[in-house]
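# Per-entry structural report
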Amino acid sequence: MVQFNNLTAQWHEIKDAALPRINKMFESSAFVNGPEVQTFEENFAKWNGNKHCIGVSSGLDALRVATQALGYTEHVHIYTQANTYIATVLGPDQALNGNCTVHLIDHDEYFQLDTEKLLNKLTTNTVDFCDDHHLIIPVHLYGHPCDMEKIMQYARSFGCDVLEDCSQAHGAKCNGKQVGTFGDISAFSCYPGKNLGAAGQAGVITTDDDLLADRCREIKEVGSKVKYVHNVKGGNYRLDPIQAIVLDEKLKHLNKWNAYRRKFAQYYENINNSEIEVPISKPAPWCTEQVFHIFPILVGDSQVERQELMDYMQEQGSQVGIHYPICIEETGAYGDIGTKQHNPRTRQNADRLVSLPIHPFMSHEQCLKVVSILNSWKSEKVEVAMATAEA
């Protein structure tokens, strides 16, 4: 069976270095914060090219803390892409206690934030709601960067803050510059399956702004800089030191692992099936490095063909996934948005998306096997049509 991901192989690669550090942590009883968290924060900041890195408890909490650190006092208009994971909206919404309006924007041909649609929305809203705050949250989906230079241009023109959601794109580059270095502040998820994944929940915030970094550190420590002195309403959003050790050891391998993802993604350029589209095989002009957290394909015209393919893949010996089958505007949590906003590409593709296996420990044979399975598949609809034509 071709695995969708292989976290066991990652552990085998780091455990000889990680276990002594974990043992030392237990011997010193440094269970909260401590030197291991600080070491990882310093190393991640250096690796990503940031002045500050703040480790937190999850990607959702990274988005929540980063939004709170921006210090909004009035209603906030949030602009993000409709095809992202719900945490991109949920974290900021929680940080603002619901004092926000979420504007979901459809994706472009590369499945990233459509900057022309963003421009149209900003042009209208910054006039109609000139006294409110405006926050753009580009999501570098699937490991492909958004067009950050254009987004930053719009942010400057319209007076918007920018919070990058880099949860799927550790190491991706836009015009030669690493994601997480463009916006005012950035959030990364380090959920186990991410390119840089912990052994549980973890997240990272990066920024070059001293004040924002200081606020984040205060918020994630229950709103305290000095013990028992609480000047803001923060939370317990600390990064666990065991997760910091795992992340720090994996960080040493991340550039190599990302390079393997790019190598294996090249095999999928050989997918040749009229019922399957491969939308991210060719990167956008601004994308100088993808990291292929997810490799999505579009199948058939509906959920029916998608399920047929997924069943076939499983039968033939390959795992697959879906990211994401229910778009935000059609969830119960944000269904009110769906009554006012309609993003056709996102809605249509939510029924057709399938995620293929892609991870650093695939083999040449496994990649060829996945391609062969895909190229041999025919939907029931096509098989019926072929049988009818032959009759």
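Look a little higher up for the structure.
What you see is a predicted model; the values in this text were computed from it and never measured. (Residues numbered from 1 in each chain as written. Predicted model: local features only at pLDDT ≥ 70, side-chain atom pairs only at ≥ 80, totals over all residues. Heavy atoms only, no water.)

We now examine the overall build of the chain. When its secondary structure is counted, the chain shows 14 helices and 15 strands. When its C-alpha atoms are laid out on the principal axes, the chain stretches across 80 × 60 × 35 Å. A separation threshold of at least 6 residues defines the contact pool for the chain, and within that pool the share at least 24 residues apart is 75%. In the structure as shown, the chain presents an accessible area of about 16700 Å², 49% of it carried by carbon and sulfur atoms. Within the chain, one finds 35 positive and 49 negative side-chain charges whose respective centroids are separated by 6 Å. (Helix = DSSP H or I, 4+ residues; strand = E, 2+ residues; numbered from the N terminus. Contact = heavy atoms within 4.5 Å. Areas by Shrake-Rupley, 256 points an atom, 1.4 Å probe, with all protein chains shown as cover. Lys, Arg positive; Asp, Glu negative; His and termini not counted. Charge placed at Lys NZ, Arg CZ, Asp CG, Glu CD.)

Let us look at the side chain of Asn343. Inspection of the secondary structure puts Asn343 in the loop between helix 11 (335-338) and helix 12 (344-350). The class for Asn343 is buried, based on a relative accessible area of 6%. For Asn343, the side chain forms a polar contact with the main-chain oxygen of Leu104, separated by 3.3 Å. For Asn343, the side chain forms a polar contact with the main-chain nitrogen of Asp106, separated by 3.1 Å. Once residues lying within four places of it in the same chain are set aside, the contact partners of Asn343 are Ala82, Leu104, Ile105, Asp106 and Glu329. (Buried < 20%, exposed > 50% of the residue type's maximum accessible area, 1.4 Å probe, protein only. Polar contact = N/O pair within 3.5 Å; in protein donor to acceptor, adjacent residues only side chain to side chain.)

Moving residue by residue along a regular strand, the side chains alternate between the two faces of the sheet. In terms of residue burial, strand 14 (residues 295-299) counts as a mostly covered element, since 5 of its 5 residues are buried. Covered by surrounding structure in strand 14 are Phe295, Ile297 and Val299 together with Pro296 and Leu298, the residues of both alternating faces. Sheet topology places strand 14 next to strand 15 (residues 353-356); 4 bridges connect them, and they run antiparallel. The residue of strand 15 that forms the bridge with Ile297 is Val354. (Pairing = 2+ DSSP bridges.)

Turning our attention to helix 10 (residues 303-316). Compared with an ideal rise of 1.5 Å per residue, which puts 14 residues at 20 Å, helix 10 spans 20 Å between its outermost C-alpha atoms and is within 8% of the ideal. Phi turns positive one or two residues past the end of helix 10, at Gly317, with a value near 105°. (Expected span 1.5 Å × (residues − 1).)

Turning to its location among the elements, Gly180 is positioned in the loop between strand 7 (177-178) and strand 8 (185-189). When the C-alpha positions of Gly180 and Gly55 are compared, they lie 14 Å apart, and in sequence the two are 125 residues distant. Leaving out residues up to four positions away in the same chain, Gly180 has contacts with Asn48, Asn50, Glu164, Cys166, Ser186, Phe188 and Thr206.

Reading across the sheet, the 3 strands line up as 7-6-13 and stay open at both edges, with antiparallel pairing between neighbours. Each edge of the open sheet carries a strand with a single partner, namely strand 7 and strand 13 (287-289). Pairing analysis gives 2 bridges linking strand 6 (residues 173-174) to strand 7, with the strands arranged antiparallel. Across the sheet, the residue bridging to Lys173 is Gln178, located in strand 7.

A separate point is the packing of helix 1 (residues 7-28) against helix 8 (residues 241-251). The geometry of helix 1 relative to helix 8 is characterised by a closest axis approach of 9 Å and an angle of 140° between their N-to-C directions. As the angle between them shows, helix 1 and helix 8 are arranged oblique. At the point where helix 1 passes helix 8, the crossing takes the right-handed sense. Facing Gln10, Ile14, Ala17, Ala18, Arg21, Ile22, Met25 and Phe26 of helix 1, the residues of helix 8 in contact are Pro241, Ile242, Ile245, Val246, Asp248, Glu249 and Lys250. Broken down by class, the residue content of the contact of helix 1 with helix 8 amounts to 10 nonpolar, 1 polar and 4 charged. (Axes fitted to C-alpha atoms, helices over the stretch in contact; angles between N-to-C directions. Parallel < 35°, antiparallel > 145°, perpendicular 65-115°, else oblique. Left-handed = near helix turned anticlockwise from the far one by under 90°. Nonpolar A, V, L, I, M, F, W, Y, C, P; charged D, E, K, R; others polar.)

On to the state of the cysteines, then. Two cysteines form a disulfide when their sulfur atoms are joined by a covalent bond. Taken as a whole and judged by the stated rule, the model has 0 disulfides. No disulfide involves Cys146; its sulfur sits 8.5 Å from the nearest other cysteine sulfur, which is in Cys174. For the unlinked cysteine Cys160, the closest cysteine sulfur is that of Cys130, found at 13 Å. The exposure class of Cys160 is buried, given its relative accessible area of 9%. (Disulfide = S-S within 2.5 Å.)

It is worth spelling out the packing of aromatic side chains at this point. Taken as a whole, this structure holds 11 aromatic pairs when the rule is applied. When the centroid spacing of 5.5 Å and the interplanar angle of 45° are considered together, the rings of Phe44 and Trp47 count as tilted. Separated by 3 residues within a single helix, Phe44 and Trp47 lie in helix 2 (residues 35-48), roughly one turn from each other. Each of the two residues, Phe44 as well as Trp47, counts as buried. The interplanar angle of 65° and the centroid separation of 5.8 Å between the aromatic rings of Trp257 and Phe361 together place this pair among those described as edge-to-face. Pair noted here: Trp257 is in helix 9 (residues 254-265) and Phe361 is in the loop between strand 15 and helix 13 (364-376), with a separation of 104 residues, a long-range link. Taken together, the aromatic side chains of Phe40, Phe44, Trp47 and Phe188 make up a single cluster linked through ring pairs. If you follow Lys177 out to its NZ or CZ, it ends over the ring of Phe182, 4.7 Å from the centre. (Phe/Tyr/Trp six-rings, centres within 6.5 Å; stacked < 30°, edge-to-face > 60°. Lys NZ or Arg CZ within 6 Å of the ring centre and 35° of its normal.)

Taken by themselves, the reported measurements are silent on function.
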